[in-house]
Amino acid sequence: MKDTSLSVATPNPSLTSGKQKLALAVAGIGVLLLLITWASGHAFSPLLLLLTSLGLMSAGVWLFVREEYLRRPEGIKNNGVWFKSLSARGVWGWLAAIVLTGFYTVLYFFPEGWLGGLTQVFDPLSRGLRKMPADKWFVYGSLYTFSILALGVKFIYKYRHSRYQLLRTVSVMFFQLGFAYLIPAFLQLMQQPEYYFTYFWPLKDYYGSPSAVRYYGSATSISVYFIIFSALMTFVATPVLTYFLGKRWYCSWVCGCGGLAETAGDPFRHLSDKSLRAWRIERWMIHSVLVAVVLLTGLLWLNSWQKGGVLGSFSQTYSAIYGYLIGMAFSGVVGVGFYPLMGSRVWCRFGCPMAAILGILQKKKSKFRITTNGGQCISCGNCSTYCEMGIDVRHYAQRGQDVVRASCVGCGICAAVCPRGVLRLEGASADVGQRTQATRTVHIKLEDVKIL
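Residues numbered from 1 in each chain as written. Predicted model: local features only at pLDDT ≥ 70, side-chain atom pairs only at ≥ 80, totals over all residues. Heavy atoms only, no water.

1. What to know about the overall build of the protein chain
Looking only at helices and strands, the protein chain has 20 helices and two strands in total. In terms of C-alpha radius of gyration, the protein chain reaches 24 Å, essentially the compact-globule figure of 22 Å for 452 residues. By principal-axis analysis of the C-alpha atoms, the protein chain measures approximately 90 × 80 × 35 Å. Out of the 452 residues belonging to the protein chain, those deemed buried represent 46%. The long-range fraction of contacts in the protein chain, counting pairs at least 24 apart against all pairs at least 6 apart in sequence, stands at 73%. Summing over all exposed atoms, the protein chain offers an accessible surface of approximately 22600 Å²; the carbon and sulfur share of this is 67%. Side chains of the protein chain carry 44 positive and 20 negative charges; the gap between the two charge centres is 2 Å. (Helix = DSSP H or I, 4+ residues; strand = E, 2+ residues; numbered from the N terminus. Rg over C-alpha atoms; globule rule 2.2 N^0.38 Å. Buried < 20%, exposed > 50% of the residue type's maximum accessible area, 1.4 Å probe, protein only. Contact = heavy atoms within 4.5 Å. Areas by Shrake-Rupley, 256 points an atom, 1.4 Å probe, with all protein chains shown as cover. Lys, Arg positive; Asp, Glu negative; His and termini not counted. Charge placed at Lys NZ, Arg CZ, Asp CG, Glu CD.)

Structure representation (structure tokens):
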């Protein structure tokens, strides 16, 4: 929008060009159609309503981001994020948190009928993909995937100058659409058990339980390979890939939780707490959840082996409590509902057991690191501000130290927002332990020893 005013006190507000107003109206009508249908509990002409709603939202997002980013030079634009109500914990931010938290609460803890209107809207899509009626989990999966795709396009426009960010975003969109949405639906269409190839134990605690082994081992002729795949990903691929690439191969390139955080959660990444207190809480919480899921899996297998002779039904009760508290309340309600208040990686940072294991491997046995050129650092703090995992990257940059932190997901935004090119995501020639040992060792030439 062209600013014709000479006043410095009343500049034109942001996001008010004609095209942006039109885009917001179009997308807003699409959202409103779904909300009205949800409230009424009945969908009139579901297929038409679904196509109209998703079409309007897609068109609105596309028109908005083009106007927002293409009319300006390439480069990250985070201007005013601390002054906008939505991204600075203002009124709109709190309202967004309440709406998201309310939606997840209804999804996880209320009966199926509470989402009856939305279920009817998505029923034609479910029957087309799976040959079966929609349920609330299909509705959720569809909206989740749509959010990553639509807001992934926004992310691509915003970070179009960075090849790493483009590839990473396309990757999370691909894995969410293909491996977490279409393939599970296709399996159901083929009368196979539903299976998500992007989630492994311990993130998906059920896949490591004796119940899952029994179910997939006997359900169909090919379902046993799902469990073999899951075991290989957990015990072979995870340590090998993390050794070479760090935890970014999963947290920033494959995982659906990370995909939503990177796309839909991008406007809130700066809200993560960078204090030492938050870091201490983070370490205690995430490792406590990891211990809890390891203990849970061990108890389930022990009880299965002893045919319920150890602790009776305690393991099943423990499993149910873990599912309610961690699987639903923490990862879902808090993990996404608190985006506008605590940043986009609340679950990944404080609760995900998969992130905990990847973090331990990354810190102890990985070649991945973020190198720093301390002499170029001007202490602007952009790297720390936009780190969604709450890492004070500037602290390392000022000292010229490599950033090797268990929580780093390798999203690369710290390097992208650095105006001096101080930070680089690299793979070292040796892992962390070998590099540390090499630093500690004093090397003396043989001829020097003779002189001494």
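That shown, we press on.
2. Side note on the environment of Met-389
Here Met-389 shows up in the loop between helix H16 (382–385) and helix H17 (393–399). Sequence-wise, Met-389 and Val-346 are 43 residues apart; in three dimensions their C-alpha atoms are separated by 8.3 Å. Dropping the residues within four chain positions of it, Met-389 is found in contact with Ser-272, Glu-282, Arg-345, Cys-348, Arg-349, Ser-407 and Val-409.

3. Here's the deal with helix H5 (residues 136–158)
Given 3.6 residues per turn, any residue in an α-helix points the same way as the ones three and four places further on. Here H5 spans 32 Å end to end across 23 residues, near enough to the 33 Å set by a 1.5 Å rise per residue. Within H5, 17 of the 23 residues are buried, which leaves the element mostly enclosed by the surrounding structure. (Expected span 1.5 Å × (residues − 1).)

4. Thoughts on the side chain of Thr-238
Along the polypeptide, Thr-238 turns up in helix H8 (residues 224–245). On the accessibility criterion, Thr-238 (3% relative accessible area) is buried. Apart from the residues lying within four places of it in its own chain, the contact partners of Thr-238 are Met-233, Trp-249, Met-354, Leu-358 and Leu-361.

5. Focus: the packing of helix H1 (residues 18–40) against helix H2 (residues 46–70)
Relative orientation and spacing of two packed helices are given, respectively, by the angle between their axes and the distance between those axes. Close contact between H1 and H2 brings their axes to 8 Å; oriented N to C, the two are set at 155 degrees. Taken as axis vectors, H1 and H2 run roughly antiparallel relative to one another. Where H1 crosses over H2, the two elements pack in a sense that is left-handed. By residue class, the composition of the contact of H1 with H2 is 16 nonpolar, six polar and three charged. (Axes fitted to C-alpha atoms, helices over the stretch in contact; angles between N-to-C directions. Parallel < 35°, antiparallel > 145°, perpendicular 65-115°, else oblique. Left-handed = near helix turned anticlockwise from the far one by under 90°. Nonpolar A, V, L, I, M, F, W, Y, C, P; charged D, E, K, R; others polar.)

6. A word on unusual backbone geometry
With an omega of 15 degrees, the peptide bond between Trp-201 and Pro-202 qualifies as cis. Mapped onto the elements, Pro-202 comes out in the loop between helix H6 (163–189) and helix H7 (210–218). Within the chain, Ser-45 stands out as a residue other than glycine whose phi angle is a positive 50 degrees. Position of Ser-45 relative to the elements: it lies in the loop between H1 and H2. Ser-45 gets classed as partly exposed once you look at its relative accessible area, which sits at 33%. Even without glycine at this site, Gln-191 takes up a positive phi of about 65 degrees. Mapped onto the secondary structure, Gln-191 falls in the loop between H6 and H7.

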